[in-house]
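Structural features, examined
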Amino acid sequence: ASSFDDSPIESAAVIFTNEMLFALITPMVYSLFRNLSLDRRTSLVGTILVITCSTYLFWSASAKDHLLVAFLLTCIFWTYSSILVRESDLKWFALLTFFGFICWARPEYGFVLLTGLIICQVLLSINIQNHKFFINFKKFKTLLIPGILGIILGLTPFFFNNYVVTGNPFIPPQYLYVTSRG
């Protein structure tokens, strides 16, 4: 029997998707470097180094979710660098949507990142003057609506997948696998 016979049919689709995601990472890394005000040559060299010195080439040809997570992290870094250039509600919405997608791809990883971002944003909205703390509610409120909507949109695949596989939107399929082995 060949290795094709014992491989799931979805493997080809996952590998093809990984190749497409890998192709999209490169221009995003270049744009990220440009957003950080690096010149073209430095951005190009940095992009080449990031792509060739990583394991992206290996991941793109495997049927694993590593490249999906790498792609979503690249989207997060690119969106955040774009926010640093010029902040907007739409960019915050997109950033938190990508964080929600990370929660779908890797729940144990995504929720830690999402919690960290929320804590950082709360801490960044605090001003300290004369040893007194002041919360910048105006900035906090402007980010609240796009943030909540982005998180809801980003978590939709997570909840839908959980409901389809486990029957409960709050229990990821990985939990059933771990508890069935114990």
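Just so we're clear, the structure is a prediction, and the values are computed from it rather than from any experiment.

About the cut-offs
Residues numbered from 1 in each chain as written. Predicted model: local features only at pLDDT ≥ 70, side-chain atom pairs only at ≥ 80, totals over all residues. Heavy atoms only, no water. Helix = DSSP H or I, 4+ residues; strand = E, 2+ residues; numbered from the N terminus. Buried < 20%, exposed > 50% of the residue type's maximum accessible area, 1.4 Å probe, protein only. Areas by Shrake-Rupley, 256 points an atom, 1.4 Å probe, with all protein chains shown as cover. Lys, Arg positive; Asp, Glu negative; His and termini not counted. Charge placed at Lys NZ, Arg CZ, Asp CG, Glu CD. Phe/Tyr/Trp six-rings, centres within 6.5 Å; stacked < 30°, edge-to-face > 60°. 1 Å grid on protein atoms, 1.4 Å probe; cavity = no way out; pocket = protein on both sides within 12 Å on 5 of 7 lines; lining within 4 Å. Points joined across faces, edges and corners; volume = space filled by probe spheres on them. Nonpolar A, V, L, I, M, F, W, Y, C, P; charged D, E, K, R; others polar.

The helix and strand inventory of the protein chain stands at eight helices and two strands. Taken from the N to the C terminus, the helices and strands of the protein chain come in the order α-α-α-α-α-α-β-β-α-α. Taking the principal axes of the C-alpha coordinates as reference, the protein chain spans close to 75 × 50 × 25 Å. In the protein chain, which comprises 182 residues, the share counted as buried stands at 30%. For the protein chain, the accessible surface area stands at approximately 12,100 Å², while carbon and sulfur atoms represent 70% of it. Where the 12 positive side-chain charges of the protein chain centre and where its 9 negative ones centre are 19 Å apart.

This brings us to the packing of aromatic side chains. Centre-to-centre distance and the angle between the planes together describe a pair of aromatic rings. One pass over the structure, following the stated rule, counts five aromatic pairs. Considering the side-chain rings of Y80 and W92, the 6.4 Å spacing of their centres and the 80° angle between planes classify their relative orientation as edge-to-face. Of this pair, Y80 sits in helix 4 (residues 66-85) while W92 sits in helix 5 (residues 89-105), placing them twelve residues apart in sequence. With relative accessibility at 5%, the residue W92 sits in the buried group. With a centroid separation of 5.3 Å and 65° between ring planes, the pair formed by F158 and F159 is classed as edge-to-face. Overall, F159 belongs to the partly exposed group, its relative accessible area being 29%. One aromatic cluster is present, formed by F111, F158, F159 and F170 through successive ring pairs.

Next up on the list: the layout of surface pockets. Its volume calculated, the largest pocket comes out at about 280 Å³. Forming the boundary of the largest pocket are 17 residues, of which K64, D65, L68, W104 and A105 lie nearest the centre. For the lining of the largest pocket, the secondary-structure elements that each account for two or more residues are helix 1 (10-35), helix 5, helix 7 (137-166) and helix 8 (173-181). Here the lining of the largest pocket is built from residues that sort into ten nonpolar, five polar and two charged.

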